[in-house]
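Single-letter residue listing:
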Amino acid sequence: MAFVKLASQSELPAINEAREFSCGDKMICVANVNGEISAMDNICLHRGGPLGEGMIEGGKVICPWHGWEWDPKTGQSQVSGAKIRVYPLSIENGDVLIET
Ligand code: FES
């Protein structure tokens, strides 16, 4: 487990938007819920939709393909048992770091 640089702070999504970033061989969804930044896996467990291309509604990232809702802080969806990985995130000296 180590913190790696995911992005620069200036690249972060605006309030109540999400964005996807590549991190090694995978993609990470970064969400900004009312100014609170969090990171989770980018791949929807339903059929693999890109969560970082979704919108945020009611604090949840909405999958752009079929509308499953994901809590970016916990990785939990509204579907019982469907949970994706979340990553500790910190911002230091203008860099966005996640623990992988
Ligand atoms: S792939 Fe995300 S809701 Fe279907």
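These figures come from a predicted structure and were not determined experimentally. (Residues numbered from 1 in each chain as written. Predicted model: local features only at pLDDT ≥ 70, side-chain atom pairs only at ≥ 80, totals over all residues. Heavy atoms only, no water.)

(A) Expanded view of the nonpolar core. Ranked by internal contacts, the top residues of the largest apolar core, which has 13 residues, are Cys29, Met40, Leu51, Ile56, Val61 and Trp70. Looking at which element gives the most residues to this core, the answer is strand E3 (residues 26–33), with three residues. Those residues in contact with leucine 51 that sit more than four places away from it in its chain are Ala18, Cys29, Met40, Asp41, Asn42, Ile43, Cys44, Val61, Cys63, Pro64, Trp70 and Ile84. Ala7, Tyr87, Val96 and Ile98 belong to the second largest nonpolar core, which has twelve residues in total. (Core = buried A, V, L, I, M, F, W, Y, C linked by side-chain atoms within 4.5 Å. Buried < 20%, exposed > 50% of the residue type's maximum accessible area, 1.4 Å probe, protein only. Helix = DSSP H or I, 4+ residues; strand = E, 2+ residues; numbered from the N terminus. Contact = heavy atoms within 4.5 Å.)

(B) Main features of the environment of isoleucine 43. With respect to the element layout, isoleucine 43 can be found in the loop between strand E4 (36–41) and strand E5 (55–57). Assessed through its relative accessible area of 54%, isoleucine 43 is described here as exposed. Sequence separation between isoleucine 43 and alanine 18 is 25 residues; the distance between their C-alpha atoms is 13 Å. Setting aside residues up to four positions removed in sequence, isoleucine 43 forms contacts with Gly48, Gly49, Leu51 and Ile84.

Read these as layout, nothing more, since geometry by itself doesn't imply function.
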